[in-house]
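Here is how the chains run, residue by residue.
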Amino acid sequence: MSILDLQGLSKTFADGDNTIHALRDIDLRVAAGELVAVMGPSGSGKSTLLTIAGGLEAPTSGQVLVTGRDLAELNPDERAGIRRRTIGYVFQDLNLINALTAAENVSLPLELDGMKAKPARTEACTMLERVGLADKVHRFPDDLSGGERQRVAIARALIGDHRLILADEPTGALDSVNGEDIMRLIRRACDDGAAGVIVTHDAQLAAWADRILFLRDERAIDHAVSSSSTDLLLEAASGSGTSGGQGL
Amino acid sequence: MTIPHALLALLTQEPKFGLRLKEEFEARTGSLWPLNVGQVYTTLGRLERDGLVSDDDGSTPSRKLYCLTKSGRAELDSWLSTPPSNTSPPRNELVIKVMVALSIPEVDISEVIQTHRRHQLRAMQDLTKLKRADDDLALLLVVDAELFRLEATVRWLDTCDARLRRGDALNVMQTGSILRPGIKSDEQETKNAGNRS
């Protein structure tokens, strides 16, 4: 079963009397263990695709299934529950809370989900250790470097049982070596069984993915698949053509 | 990288046989630059002739133990600090393909650009896998160099695409393409604009 299954996804916005198309008829399936990168020029709909996949906004038409559950059929509480428990989201601007320490930021999804503060913080510290921030757990975001803040955001996305990792330009303005460290963390999470989708304009980051989906003019126009992921692609695209990039 | 200098570098620590030099060269470049053993012995022969390496008088090349000489070390040091030539190949095949595509009205140039973008990215995905599999520093550096080279091509293709979408291509065509000089008829221009907008 796919962890993420987007079917016939379209999104339009009204602009006065005009209708602006942000996405048109996108299909995308991402299996456990798979990392997909979405590339495309500015305005091609990359970030909109991710926010819809993460349940942060609804599509105009089409379905979003996360671990087999159709987000549109859930009530707001259930949707929020899936977002907390299943989806780890790395926002482009990180969205860390400045008044909370690194550990408190990372433990927040667990605490919001009802876990007691102490075990949640312990788990957060373990996760921060995994991303190389063992000695910075009590620092506030303002006292961390850009790369460290990025790692805190990744740790928050990876904590708990997040089976779907969604990341919008996850390496921000980091230099290439620090950016690579972030990609290694996301890659490892996927190798350990999560499904991942990253949105990026950076070809070197996208190259960490098993598949690259190219968006252009709100549509999926093509895909690139690394040599050994052909089988995954065929499985994901079963029943639909792969030549035009649709039906991924 | 020039192979003679790479071989000199591999001899800085200790004398080595030709076969071992071949193996170490390939290991350090992650097998991205395979060498055949004949190439190694030919190169060592030239280095010996120029006094940059010496041998222990083994009877055949494969039995010779090669050492770096003082002049070899000096040559290596001088090479390390000499800037490489930055002249690009005079005719980059991909640039020519895109130029040719631009000059043929019935070719969908966006499709051509996307095809090459996909190929470049696929090569980048395969190279990135080497980074995942191996933390050998020398290999990482070689793979990085290749990735930056391919990325530059992808960025150039992205720029081509963006210029075409913005309509810059029409300006190129109005001033005459390098491959099909001359101004085309208004009818052709209109058709092209329709194809590429």
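Keep in mind that this is a model prediction, so the values were computed, not measured.

Overview of unusual backbone geometry
Residues and elements named next belong to chain A.
- Not every positive phi belongs to a glycine, and Thr-67 is a case in point at roughly 45°.
- Tracing the backbone through its elements, the reader meets Thr-67 in the loop between strand S4 (61-66) and strand S5 (69-70).
- The phi angle at Leu-94 is positive, at roughly 70°, despite the residue not being glycine.
- Structurally, Leu-94 is set in the loop between strand S6 (87-90) and helix H3 (102-112).

Quick notes on the sheet that holds strand S9 (residues 211-216) of chain A
- The strand order across the open sheet formed by six strands is S6-S7-S8-S3-S9-S10 (chain A), and the pairing between neighbours is mixed. One side of each edge strand has no neighbouring strand; the edge strands of this open sheet are S6 and strand S10 (219-225) of chain A. Averaged over all pairs of adjacent strands, the angle between strand axes in this sheet comes to 15°, irrespective of strand direction.
- Where strand S3 (residues 35-39) of chain A and S9(A) come together, four bridges link them in parallel fashion. Along S9(A), the bridge assignment pairs Met39(A) with Phe214(A).
- This element, helix H5 (residues 146-158) of chain A, spans S6 and strand S7 (164-168) of chain A of the sheet and lies at about 165° to S6(A).
- Sheet contacts for helix H6 (residues 109-133) of chain B: S3, S9 and S10 of chain A; angle to S10(A), the most-contacted strand, approximately 35°.

A short note on the interface of chain B and chain A
- The interface is formed by 22 residues belonging to chain B together with 27 residues belonging to chain A.
- Here chain B meets chain A over a buried area of about 2,000 Å², counting both sides, of which 47% is carbon and sulfur.
- Counting the surface chain B buries against chain A, the share from its top three residues, Gln125(B), Arg132(B) and Arg165(B), is 31%.
- Taken together, the links from chain B to chain A amount to three salt bridges.
- In this structure, Glu180(A) engages Lys131(B) in a salt bridge whose closest nitrogen and oxygen atoms are separated by 2.5 Å.
- At the boundary of chain B and chain A, one finds seven residue pairs in polar contact (both at pLDDT 80 or more).
- Broken down by secondary-structure element, the contributors of at least two residues to the side of chain B that touches chain A are H6 and helix H7 (137-166) of chain B.
- The leading source of residues in the side of chain B that touches chain A is H6(B), at 13 residues.
- Residue classes in the side of chain B that touches chain A are distributed as six nonpolar, four polar and twelve charged.

Thoughts on helix H3 (residues 37-49) of chain B
All names here are of chain B.
- For H3, which comprises 13 residues, the first-to-last C-alpha distance of 18 Å matches the rise-based estimate of 18 Å (1.5 Å per residue) to within 8%.
- Looking at H3, one finds that the buried residues are Val-40, Tyr-41, Thr-43, Leu-44 and Leu-47. For H3, the buried positions fall inside an angular range of 165° around the axis, keeping them on one side.
- Contacts made by the buried residues of H3 are with helix H1 (3-10), helix H2 (18-28), strand S2 (53-55) and strand S3 (65-68).
- One side-chain oxygen at the N-terminal end of H3 lies 3.0 Å from the backbone nitrogen of Gly-38; it belongs to Asn-36.
- Phi turns positive, to about 75°, at Gly-51, one or two residues after H3.

Description of the packing of H1(B) against H2(B)
Residue and element names in this part refer to chain B.
- Contact geometry for H1 and H2: axes closest at 10 Å, N-to-C directions at 105°. Of the possible angle classes, the one that applies to H1 and H2 is roughly perpendicular. Where H1 abuts H2, its residues Ile-3, Ala-6, Leu-7 and Leu-10 lie against Leu-21, Glu-24, Phe-25 and Arg-28.
- Looking at the contact of H1 with H2 residue by residue, the class counts come to six nonpolar, no polar and two charged.

Points about the environment of Met127(A)
All names here are of chain A.
- Residue placement: Met-127 occurs in helix H4 (residues 117-130).
- Take Met-127: its relative accessible area is 8%, and that puts it in the buried class.
- The sequence separation of Met-127 and Arg-156 amounts to 29 residues, and the corresponding C-alpha distance is 8.2 Å.
- When sequence neighbours within four positions are dropped, the list of residues in contact with Met-127 reads Val-106, Ala-155, Leu-158 and Ile-159.

What counts and how
Residues numbered from 1 in each chain as written. Chains lettered and ligands numbered in written order. Predicted model: local features only at pLDDT ≥ 70, side-chain atom pairs only at ≥ 80, totals over all residues. Heavy atoms only, no water. Helix = DSSP H or I, 4+ residues; strand = E, 2+ residues; numbered from the N terminus. Pairing = 2+ DSSP bridges. Axes fitted to C-alpha atoms, helices over the stretch in contact; angles between N-to-C directions. Contact = heavy atoms within 4.5 Å. Buried area = accessible area lost by both parts, 1.4 Å probe. Salt bridge = Lys/Arg side-chain N within 4 Å of Asp/Glu carboxyl O. Polar contact = N/O pair within 3.5 Å; in protein donor to acceptor, adjacent residues only side chain to side chain. Nonpolar A, V, L, I, M, F, W, Y, C, P; charged D, E, K, R; others polar. Expected span 1.5 Å × (residues − 1). Buried < 20%, exposed > 50% of the residue type's maximum accessible area, 1.4 Å probe, protein only. Arc of directions from axis to C-beta. Parallel < 35°, antiparallel > 145°, perpendicular 65-115°, else oblique.

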